[in-house]
Amino acid sequence: MSVSQRCLCCVKYLMFVFNLIFWLGGCGLFGVGVWLSFTQAEFSSLPLSFPSLSAANLLLVAGGITMVTGFLGCLGALKEQRCLLCTFFVILLILVLTEVTVVLVLYYLHDQVESHAKANLKDGMKKYNSEHELKKSWDNVQKMFKCCGVNNQTDWYEVLNGTRPSSCCPGAEKDPCNAWSEQGCYAKAKNWLSDNIRPLLVFGVCIGVVQILALVFSMQMYCQILYAEKNLD
């Protein structure tokens, strides 16, 4: 076996291992997205700008794309096909650039994104009395997080003519309300999400490192295959 063939074989199996890790990471992201979706099922009728709902959908999409991309990379490594490797490289590069763009947008335009999300949720509150599923979702989220409104309880005053839903008071179904929830649901859900998803951020950084290495190995393998084909000719 020549030196170039040994290099190709080494890169091939490294590429396969990294893409297998990448694929498993995608499965993990998708699984967490499914878990979040199930835990938030009781208020799925809320606008997708609600923090935990938007996170669930983002994880489902990211996990699905990562799984497909990882599978494509594994297949390209085993088959040693330049076309598959090139497709894998392009898709993964677009994915990495998209992830970097999303992170930068959320970091630098955090206040604007949050303001838009809150405005969207407040707009949805106006349908509280007309849409049963939306009413049920708001009641469930306020009971679960022990919160009231988007920013605070005053958000309901314009919608319900100066009153609040009974769901703003924990245990109001059984006893007269003695203590109304004052904190807004947006902040409560955001805090719950940050407390539960912190380990996932570390996992996401690890996946990012694997993505960069997969890009390097896929290009290296592409060049090795091209070099080997030229030597055969």
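Whatever comes next refers back to the structure up there.
Here's what I pulled together on the structure shown here. What you are looking at is a predicted structure, and each value in this text was computed from that prediction instead of being measured.

About the criteria used
Residues numbered from 1 in each chain as written. Predicted model: local features only at pLDDT ≥ 70, side-chain atom pairs only at ≥ 80, totals over all residues. Heavy atoms only, no water. Core = buried A, V, L, I, M, F, W, Y, C linked by side-chain atoms within 4.5 Å. Buried < 20%, exposed > 50% of the residue type's maximum accessible area, 1.4 Å probe, protein only. Helix = DSSP H or I, 4+ residues; strand = E, 2+ residues; numbered from the N terminus. Contact = heavy atoms within 4.5 Å. Salt bridge = Lys/Arg side-chain N within 4 Å of Asp/Glu carboxyl O. Expected span 1.5 Å × (residues − 1). Arc of directions from axis to C-beta. Axes fitted to C-alpha atoms, helices over the stretch in contact; angles between N-to-C directions. Parallel < 35°, antiparallel > 145°, perpendicular 65-115°, else oblique. Nonpolar A, V, L, I, M, F, W, Y, C, P; charged D, E, K, R; others polar.

### Some details on the nonpolar core
Residues M15, F22, L85, F88, L92, F217 and M221 are the most contacted members of the largest nonpolar core, which totals 19 residues. If you list the elements that add at least two residues to this core, you get helix 1 (3-39), helix 2 (51-79), helix 3 (82-108) and helix 6 (185-232). Looking at this core, the element that brings in the most residues is helix 6, giving seven residues. Setting aside residues up to four positions removed in sequence, L85 forms contacts with M15, G76, A77, M221, Y222 and I225.

### Let's talk about the pattern of salt bridges
According to the stated counting rule, one finds five salt bridges in the structure shown. Ionic pairing is found between E114 and K118, a salt bridge with its closest N-O pair at 3.9 Å. A residue pair is termed a helical-turn pair when its members lie 3 or 4 positions apart in one helix, as E114 and K118 do in helix 4 (residues 110-125) at four residues. Owing to a relative accessible area of 22%, K118 belongs among the partly exposed residues under this scheme. Salt-bridge contacts for D155 lead to K122; the nearest nitrogen and oxygen are separated by 3.7 Å. Here K122 lies in helix 4 and D155 lies in the loop between helix 5 (132-145) and helix 6, a separation of 33 residues in the sequence. Among the residues examined, D155 registers a relative accessible area of 13% and is labelled buried. K122 gets classed as partly exposed once you look at its relative accessible area, which sits at 33%. Through salt bridges with shared partners, a single ionic network connects E114, K118 and K190.

### Describing helix 3
Between its first and last C-alpha atoms helix 3 spans 38 Å; for 27 residues at 1.5 Å apiece the expected length is 39 Å, and the two agree. Burial in helix 3 covers these residues: L84, L85, F88, L92, L95 and V96.

### Here we look at helix 4
Over its 16 residues, helix 4 runs 23 Å from end to end, which matches the ideal 22 Å to within 8%, given 1.5 Å per residue. Restricting attention to buried positions, one finds in helix 4 the residues E114, A117, L121, G124 and M125. Along the axis of helix 4, the buried positions cluster into a sector of 110°, meaning they face one direction only. In helix 4, those exposed residues whose orientation departs by more than 90 degrees from the buried face are D111 and H116.

### Points about the packing of helix 3 against helix 4
Running from N to C, helix 3 and helix 4 cross one another at 85°; their axes reach a closest spacing of 4 Å. In terms of orientation, helix 3 and helix 4 fall into the roughly perpendicular class. Contact residues: V105, L106, Y107 and Y108 in helix 3; H110, Q112 and V113 in helix 4. For the contact of helix 3 with helix 4, a count of residues per class yields five nonpolar, two polar and no charged.

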